[in-house]
Amino acid sequence: MDFYEQDLGAAADDRTVQAALPHLVVIGNGMAGCRAVEELLARDAGRYRVTIFGAEPHVNYNRIMLSPVLAGEKTFDEIVINDRAWYADNGIDLIVADPVERIDRAAKTVTSRSGRTVAYDRLLIATGSDPFIIPVPGRDLHGVIGFRDLHDVDRMLAAAEKGGDAVVIGGGLLGLEAAHGLTLRGMKVTVLHIMPTLMERQLDEAAAWLLKTALEARGQTILTGADTAEIVGDGWVEGVRLKDGREIPASLVVMAVGIRPSVALARECGLEVGRGVKVDDHMVTSDPAVLAVGECVEHDGLVYGLVAPLWEMCRALADGLVEQPTGYRGSVTSTKLKVAGLDVFSAGDFSGGEGTEDIVLRDASRGIYKRVVLKEDRVVGAVLYGDTADGGWYFDLMRKGEDVAMLRDMLIFGQAYASGGGRTDPKAAVAALSDDTEICGCNGVSKGQVVAAIAGGACSLDAVRATCKASASCGSCTGLVETLLAVTLGDEVESGPKTMCQCTSFTHDDVRREIVAQGLRSIPEVMQRLHWSTPDGCSSCRPALNYYLLCALPGDYEDDQQSRFVNERLHANIQKDGTYSVVPRMWGGLTNPRELRAIADVVEKYHAPMVKVTGGQRLDIFGIRKEDLPAVWADLNAAGMVSGHAYGKALRTVKTCVGSEWCRFGTQDSTGLGVKLEKMTWGSWMPHKFKIAVSGCPRNCAEATIKDFGVVCVDSGYELHVGGNGGMKVRVTDLLCKVATEQEAMEYCAAFTQLYREEARYLERTAPWVERVGLDYVKRRIVEDEGNRKALTRRFLHSQSFSQDDPWATRAAGADRQLHHPMAEFQPMPAVAAE
Amino acid sequence: MIGDWIDIGWVDEIPVRGSRTVPVAGGEEVAVFRTADGKVFALANRCPHKGGPLSQGIVHGHSVACPLHNWQIALATGEAQGGDKGCAPTIPVKLSGGRVLLCRASTLKAAA
Ligand code: SRM
Ligand SMILES: Cc1cc2nc3c(=O)[nH]c(=O)nc-3n(C[C@H](O)[C@H](O)[C@H](O)COP(=O)(O)OP(=O)(O)OC[C@H]3O[C@@H](n4cnc5c(N)ncnc54)[C@H](O)[C@@H]3O)c2cc1C
Ligand code: SF4
Ligand code: FES
């Protein structure tokens with residue numbers, strides 16, 4: 001017997017065995033139908049022989065990802081859920097492009113359009129829904145399309161290729177995703193919505209208004225209260241006429257006004273049908289041999305139009321099929337809009353009214369709106385716009401009906417804030433989720449499944465995506481999956497946005513935002529209000545908080561010395577032997593005999609073992625004892641010198657070249673501009689150190705293109721460069737823009753500095769910051785928006801008006817003497833306690 | 001009179017969440033710390049890592065972060081925390097009527 005014979009023999013055996021099994025026939029090769037089969041196989045793969053009929057000519061794909069396909073963010077291959085191999089491997093007979101047209105319940109057969117008749121023991125109806133097409137004249141014209149399957153997407157893409165105008169009828173989830181995709185594909189899109197506000201079933205007025213504003217900013221026209229009277233055209237669509245007489249031109253009309261459960265087959269064969277095919281808790285229809293699942297069913301008077309309920313239905317259905325019934329009890333749903341950059345979440349009932357209470361948080365400047373609706377101390381609904389991170393948490397509280405009286409005051413700030421104590425750690429919060437908590441809504445993957453995948457060897461996000469599909473679709477659960485990786489594998493995995501430190505579950509950005517949003521004024525207040533888990537922070541969060549407050553409240557905030565690293569407290573750099581180095585400012589690298597003499601004198605007078613020219617065009621005096629610092633400073637002050645902040649997260653040096661005053665190539669007064677820039681920016685506290693340079697021509701002798709802010713002078717003006725770094729990871733600057741005058745160069749420098757001061761994270765230099773937020777963003781804020789640039793400049797100069805006191809002078813005059821002197825000194829014997 | 005405890009000054013001469021030093025002639029300098037909750041600790045002013053002056057570090061909770069390489073030292077035991085190993089000698093210290101007292105014997109030991 002050779003290899004092939006044996007193989008064929010085995011296959012034949014398989015078939016005989018299979019034929020003996022009861023036959024499960026599935027109508028509908030969509031999300032629910034295939035999922036039900038997957039669930040069944042997971043429980044008992046050998047129990048049924050399975051045949052699936054699909055009307056579409058495809059394997060099962062993720063329908064909700066059609067929006068990204070339309071938008072060009074995904075390809076069809078990327079949204080396939082079950083490929084051909086899956087059907088083959090599981091012995092499933094897949095019949096595509098051949099819809100079932102008749103069910104004969106008495107004979108227990110189904111017959112397809114091509115005339116194929118197949119007998120069943122159990123039948124599963126999973127026919128989904130059909131788009132509702134409003135019955136207006138012209139609805140049959142070419143170019144009027146629903147948005148339901150890949151064929152619709154292909155037709156939209158064909159129309160979009162020609163460009164022109166598109167009208168989307170329906171301003172719900174589906175319509176807005178269609179409008180987004182078509183806009184990205186280059187069409188000019190008008191959305192017609194019959195109600196006064198968008199997504200009125202998911203959003204309240206405030207959130208809908210924010211959404212409308214954001215969509216309009218992206219170039220869409222949104223007409224609310226728009227009632228379609230007629231679609232006009234001759235063969236092909238040409239436009240839409242509203243009842244008020246307006247006419248909107250269109251070469252494509254997408255109908256996204258709603259869906260109707262696809263129940264024709266069920267109705268014709270006499271099954272009980274309401275709005276959908278009626279099923280019991282085990283997804284069994286009025287005929288015990290016939291089951292139904294998905295959008296086509298009505299359970300307990302409800303029909304659903306989202307995937308999350310399907311997963312639950314499929315579980316109950318499979319449990320029933322293997323005779324371990326559990327039962328489906330209905331679903332509470334939540335929705336998200338999958339449009340990049342627009343975070344919209346809603347769940348439950350937010351109509352308000354009798355006995356309900358609203359908690360609302362608005363952050364107008366960041367476009368954030370959150371509303372949680374309570375009834376008898378339980379969450380019954382939530383609408384989030386702009387920041388949806390806590391959607392899952394509210395949803396969970398709502399589903400579990402938890403009493404939130406204790407959390408009430410902090411509920412709106414989200415889980416991290418409200419849970420306080422031991423649960424401020426987001427990892428702990430995720431670890432505490434129950435195994436059946438759904439992590440990935442798109443693919444219906446529970447926490448238990450993700451953890452099992454990780455335990456099975458999926459040690460990276462990609463591996464998890466490949467193994468259990470969590471986070472593989474819209475990606476909104478990526479953060480959760482990363483946390484699960486971290487919780488399961490410990491520190492072997494890099495997780496998502498980092499919290500500031502172990503004292504808090506907030507990120508730097510969260511803290512900065514809350515300081516401003518809540519008007520927090522001191523470190524203890526921040527720690528109190530943001531639920532720090534340690535009494536007074538640690539050596540990494542304290543300096544950051546001190547800086548954030550200083551930046552937010554110039555002139556008002558009282559600097560906390562104890563929250564500064566020793567260098568900033570002693571205004572000098574600590575050395576490995578505990579002595580200090582002192583670097584006075586030399587404006588733009590210029591000096592004079594008087595300054596040089598004073599430095600020489602200090603070196604001799606205080607026995608400084610070394611004096612050195614630094615890489616920043618000035619002199620560094622090494623080996624000064626902290627006791628001597630005030631006297632050293634007094635001597636330097638006397639010669640007109642001030643602190644060079646060589647020790648600070650602050651403006652360091654402004655390097656210059658000789659420029660037009662001496663150099664045969666110089667185009668502008670680079671030295672003079674450097675001095676002016678240093679006079680403007682010195683003393684400013686920053687997220688990290690900040691260096692400037694000005695070169696007099698493109699030969700760039702001052703190395704301006706590896707500085708945080710660099711100016712390269714040219715004949716016609718000044719090229720402004722940002723985000724350079726010459727340190728550990730060298731980065732060449734990006735060109736911000738070119739300006740004509742010194743005055744402008746100064747203004748852009750101030751604006752850029754302030755933007756960095758206000759928005760970067762503590763210890764993030766401009767190079768990584770610019771890379772993180774993108775040069776385009778910086779340009780938008782500074783170059784393209786004059787008003788904003790001027791406002792930033794104003795804020796910078798305002799803040800500078802409080803920070804340009806020489807810290808050395810005050811110390812030299814006696815302030816904080818104790819920092820430089822021992823508390824007491826004593827001899828071993830006899831003991832003398834002396835000051 | 002020479003007591004067992006040496007009076008080195010008022011507690012409020014030490015900044016809250018800060019430290020002062022007490023040089024010991026012929027011996028090792030002592031760093032005296034005051035924490036946010038009003039407690040006082042004393043350690044040799046020398047990090048077990050590479051001798052950094054602990055008195056110059058950021059004080060948080062009952063720990064100090066060494067200013068040189070950020071080791072976290074427990075004030076009560078002098079023990080390096082986290083993964084780091086090493087210990088700074090502790091010197092018994094107490095408060096009496098607002099005065100800070102250091103244990104003479106330990107200071108002497110440090111000096112010896
Ligand atoms: C003194 C000086 C070296 C010299 O002898 O020339 C120096 C000395 C130190 N540098 Fe520097 N840097 C000095 C110019 C530079 C330069 C050159 C420049 O500014 O043109 C660079 C690269 C340019 C840049 O920053 O983009 C430079 C990149 C660094 C880095 C890496 C920063 C980065 O983002 O990658 C560090 C480490 C840090 O800041 O975390 C550092 C840190 C330090 C520290 C503060 C290390 C420390 O924490 O103790 C050194 C302090 C010595 C002291 O006690 O004064 N130093 N350092 C220079 C002082 C310039 C001044 O006048 O203020
Ligand atoms: C563009 C778009 C975006 C969406 N976004 C989201 C979202 O973000 N979140 C969310 O939760 N939900 C979303 N949905 C809804 C979600 O896709 C549906 O809830 C889900 O697909 C329903 O699954 P189902 O199996 O019941 O129906 P379907 O997935 O539609 O599957 C039914 C299948 O049965 C086939 N069929 C019908 N009749 C027959 C027949 N007689 N014979 C053979 N085959 C037949 C159909 O062709 C179809 O392939 C979105 C839907 C669309 C269209
Ligand atoms: S960059 Fe070089 S060449 Fe140009 S002005 Fe400066 S020193 Fe002269
Ligand atoms: S000397 Fe203290 S951490 Fe290195």
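Criteria and thresholds
- Residues numbered from 1 in each chain as written.
- Chains lettered and ligands numbered in written order.
- Predicted model: local features only at pLDDT ≥ 70, side-chain atom pairs only at ≥ 80, totals over all residues.
- Heavy atoms only, no water.
- Helix = DSSP H or I, 4+ residues; strand = E, 2+ residues; numbered from the N terminus.
- Buried < 20%, exposed > 50% of the residue type's maximum accessible area, 1.4 Å probe, protein only.
- Contact = heavy atoms within 4.5 Å.
- Areas by Shrake-Rupley, 256 points an atom, 1.4 Å probe, with all protein chains shown as cover.
- Axes fitted to C-alpha atoms, helices over the stretch in contact; angles between N-to-C directions.
- Parallel < 35°, antiparallel > 145°, perpendicular 65-115°, else oblique.
- Left-handed = near helix turned anticlockwise from the far one by under 90°.
- Pairing = 2+ DSSP bridges.
- Right-handed = clockwise from strand over helix to strand, strands pointing away.
- Near = heavy atom within 4 Å.
- Polar contact = N/O pair within 3.5 Å; in protein donor to acceptor, adjacent residues only side chain to side chain.
- Nonpolar A, V, L, I, M, F, W, Y, C, P; charged D, E, K, R; others polar.
- Core = buried A, V, L, I, M, F, W, Y, C linked by side-chain atoms within 4.5 Å.
- Salt bridge = Lys/Arg side-chain N within 4 Å of Asp/Glu carboxyl O.
- Expected span 1.5 Å × (residues − 1).
- Buried area = accessible area lost by both parts, 1.4 Å probe.
- pLDDT = per-residue confidence, 0-100.
- Phe/Tyr/Trp six-rings, centres within 6.5 Å; stacked < 30°, edge-to-face > 60°.
- Lys NZ or Arg CZ within 6 Å of the ring centre and 35° of its normal.
- Arc of directions from axis to C-beta.
- Disulfide = S-S within 2.5 Å.

Looking only at helices and strands, one finds 28 helices and 36 strands in chain A. Within the span of chain A, comprising 835 residues, buried residues form 53% of the whole. In chain A, the proportion of contacts linking residues at least 24 apart, taken out of those at least 6 apart, comes to 62%. Just so you have it, chain A exposes about 36100 Å², and 51% of that area is on carbon and sulfur atoms.

Residue and element names in this part refer to chain A. At their nearest, the axes of helix 17 (residues 508-517) and helix 19 (residues 541-552) sit 10 Å apart, and the two run at 40 degrees to each other. The angle between helix 17 and helix 19 falls in the class oblique. As helix 17 runs across helix 19, the sense of the crossing is right-handed. Two secondary-structure elements touch here, helix 17 through His508, Val511, Arg512 and Ile515 and helix 19 through Ala544, Leu545, Tyr547, Tyr548, Leu549, Cys551 and Ala552.

Let us look at the pairing of strand 32 (residues 651-656) of chain A. Side-chain positions along a regular strand alternate between the two faces of the sheet. Residue and element names in this part refer to chain A. Counting buried residues in strand 32 gives six out of six residues, a clear majority hidden from the surface. In the sheet, strand 32 pairs with strand 33 (residues 690-695) via four bridges, with the strands oriented parallel. If you follow threonine 656 over to strand 33, its bridge partner there is valine 694. Remark: the strand 32/helix 23 (residues 670-681)/strand 33 crossover connection has left-handed handedness.

Residues and elements named next belong to chain A. Taken together, 21 residues form the shell around ligand 1, and within it Gln575, Gly615, Arg618, Lys689 and Arg765 come nearest. Lysine 707 places a side-chain nitrogen or oxygen 3.3 Å from an oxygen atom of ligand 1. Methionine 728 places a polar main-chain atom, nitrogen or oxygen, 2.8 Å from an oxygen atom of ligand 1. Considered class by class, the residues forming the shell around ligand 1 number two nonpolar, eleven polar and eight charged.

Before going further, it helps to examine the nonpolar core. Note on soluble globular proteins: their nonpolar side chains tend to be buried together. All names here are of chain A. One finds Ile52, Ile103, Val110 and Val293 to be the most contacted residues of the largest nonpolar core, which totals 58 residues. Counting residues per element, this core draws most heavily on helix 10 (residues 307-321), at eight residues. Val526, Cys538, Tyr557 and Tyr647 belong to the second-largest nonpolar core, a separate cluster that totals 51 residues.

A separate point is the pattern of salt bridges. Residue and element names in this part refer to chain A. Counted by the stated rule, this structure contains 45 salt bridges over all chains. Here glutamate 39 and arginine 43 are joined by a salt bridge, their closest N and O atoms 2.8 Å apart. Taken as a pair, glutamate 39 and arginine 43 lie in helix 2 (residues 31-43) at a separation of four residues, close to a single helical turn. Residue arginine 43 is classed as partly exposed on the basis of its relative accessible area of 31%.

This part takes up the sheet that holds strand 1 (residues 5-10) of chain B. All names here are of chain B. On the basis of which strands lie adjacent, the open sheet formed by three strands has the order 1-9-8 and antiparallel pairing. Across the chains shown, the open sheet's two edge strands, defined by having one partner strand only, are strand 1 and strand 8 (93-96). Geometrically, the sheet is characterised by an average inter-axis angle of 30 degrees between neighbouring strands, direction not taken into account. Looking at chain direction, strand 8 and strand 9 (residues 99-103) are connected through four bridges and run antiparallel. Among the inter-strand pairings, lysine 94 is bridged to a residue of strand 9, identified as leucine 101.

Residue and element names in this part refer to chain A. End to end, helix 23 covers 16 Å across twelve residues, agreeing with the expected 16 Å (1.5 Å per residue, within 8%). Within helix 23, ten of the twelve residues are buried, which leaves the element mostly enclosed by the surrounding structure. For helix 23, the complete set of buried residues consists of Ser670, Thr671, Gly672, Leu673, Gly674, Val675, Leu677, Glu678, Met680 and Thr681. Turning to helix 23, the residues buried within the fold contact strand 32, strand 33, strand 34 (709-714), strand 35 (717-722), helix 24 (742-759) and helix 27 (786-803).

Contacts between the two partners involve 37 residues from chain B and, on the opposite side, 34 residues from chain A. Among the residues of chain B in contact with chain A, B:Arg20, B:Gln56 and B:Ile58 are the three that bury the most area, contributing 24% of the side total. Taken together, chain B and chain A are joined by one salt bridge. A salt bridge links B:Arg17 to A:Asp560; its shortest N-O distance comes to 3.4 Å.

Turning our attention to the site of ligand 2. All names here are of chain A. Near ligand 2 you find 29 residues, and of these Ala32, Glu56, Arg148, Glu295 and Lys338 are the closest. In this structure, glutamate 56 approaches ligand 2 through a side-chain N or O atom, which is 2.6 Å from an oxygen atom. A distance of 2.5 Å separates an oxygen atom of ligand 2 from a polar atom in the side chain of glutamate 295. Relative to its unbound accessible surface of 990 Å², ligand 2 loses 90% to contact with the protein. For the shell around ligand 2, the elements supplying multiple residues, two or more each, are helix 2, helix 7 (173-184) and helix 10. Of the residues in the shell around ligand 2, the class split is 15 nonpolar, eight polar and six charged.

Residues and elements named next belong to chain A. Residue aspartate 377 is not a glycine yet carries a positive backbone phi of 65 degrees. Structurally, aspartate 377 can be placed in the loop between strand 24 (368-375) and strand 25 (378-385). One non-glycine residue, aspartate 816, lies in the positive phi region at around 50 degrees. Here aspartate 816 is to be found in the segment after helix 28 (807-812).

Residue and element names in this part refer to chain A. Within chain A, residue pLDDT values average 88, and 92% of them lie at 70 or more. Scored below 50 in pLDDT, residues 1-13 makes one contact in the model with residues more than four places away or belonging to other chains. Here residues 830-835 is a poorly scored stretch, pLDDT under 50, and it has twelve contacts once near neighbours within four places are set aside; other chains count.

The subject of this paragraph is the pairing of strand 7 (residues 122-125) of chain A. Of the pairings in the sheet, the one linking strand 1 (residues 23-27) of chain A to strand 7 of chain A comprises four bridges and is parallel in character. Among the inter-strand pairings, A:Ile27 is bridged to a residue of strand 7 of chain A, identified as A:Ile125.

Turning our attention to the packing of aromatic side chains. All names here are of chain A. Per the counting criterion, the structure on display carries twelve aromatic pairs over all chains. Ring plane angle 45 degrees and centroid distance 6.3 Å describe the contact between phenylalanine 690 and phenylalanine 752, whose orientation is recorded as tilted. Placement of the pair is phenylalanine 690 in strand 33 and phenylalanine 752 in helix 24, with a sequence separation of 62 residues. With centroids separated by 6.0 Å and ring planes inclined at 35 degrees, the aromatic side chains of phenylalanine 709 and phenylalanine 752 adopt a geometry described as tilted. Residue phenylalanine 709 is located in strand 34, and its partner phenylalanine 752 is located in helix 24; the two are separated by 43 residues in the primary sequence. Taking relative accessible area as the criterion, phenylalanine 709 reaches 0% and is therefore assigned buried. On the basis of relative accessibility, which here comes to 0%, the residue phenylalanine 752 falls in the buried class. Here the aromatic cluster, defined as three or more aromatic residues joined through ring pairs, consists of Phe690, Phe709, Phe752, Tyr756 and Trp769. The ring of phenylalanine 132 carries arginine 260 above its face, with NZ or CZ at 3.9 Å from the centroid. Looking at lysine 679, its charged tip hangs above the ring of tryptophan 587, at a distance of 4.1 Å from the centre.

Relative to the helices and strands, A:Ile95 resides in strand 3 (residues 93-95). Between the C-alpha atoms of A:Ile95 and A:Arg116, which are 21 residues apart in sequence, the distance is 10.0 Å.

What follows concerns helix 14 (residues 447-455) of chain A. Residue and element names in this part refer to chain A. All of the buried residues along helix 14 are Lys447, Val450, Ala453 and Ile454. Taken down its axis, helix 14 places every buried residue within 125 degrees of arc, on the same side. Count one or two residues on from helix 14 and you reach glycine 457, which has phi positive near 115 degrees.

Residues and elements named next belong to chain A. By the element assignment, glycine 245 lies in the loop between strand 14 (236-242) and strand 15 (247-249). Residue glycine 245 is classed as partly exposed on the basis of its relative accessible area of 47%. Linking glycine 245 and aspartate 227, residues 18 residues apart in sequence, is a C-alpha distance of 9.9 Å.

In this section: the state of the cysteines. All names here are of chain A. According to the stated counting rule, one finds zero disulfides over all chains in the structure shown. With no disulfide of its own, cysteine 501 lies closest to cysteine 541 among cysteine sulfurs, the gap being 3.6 Å. Residue classification places cysteine 501 among the buried positions, given a relative accessible area of 9%.

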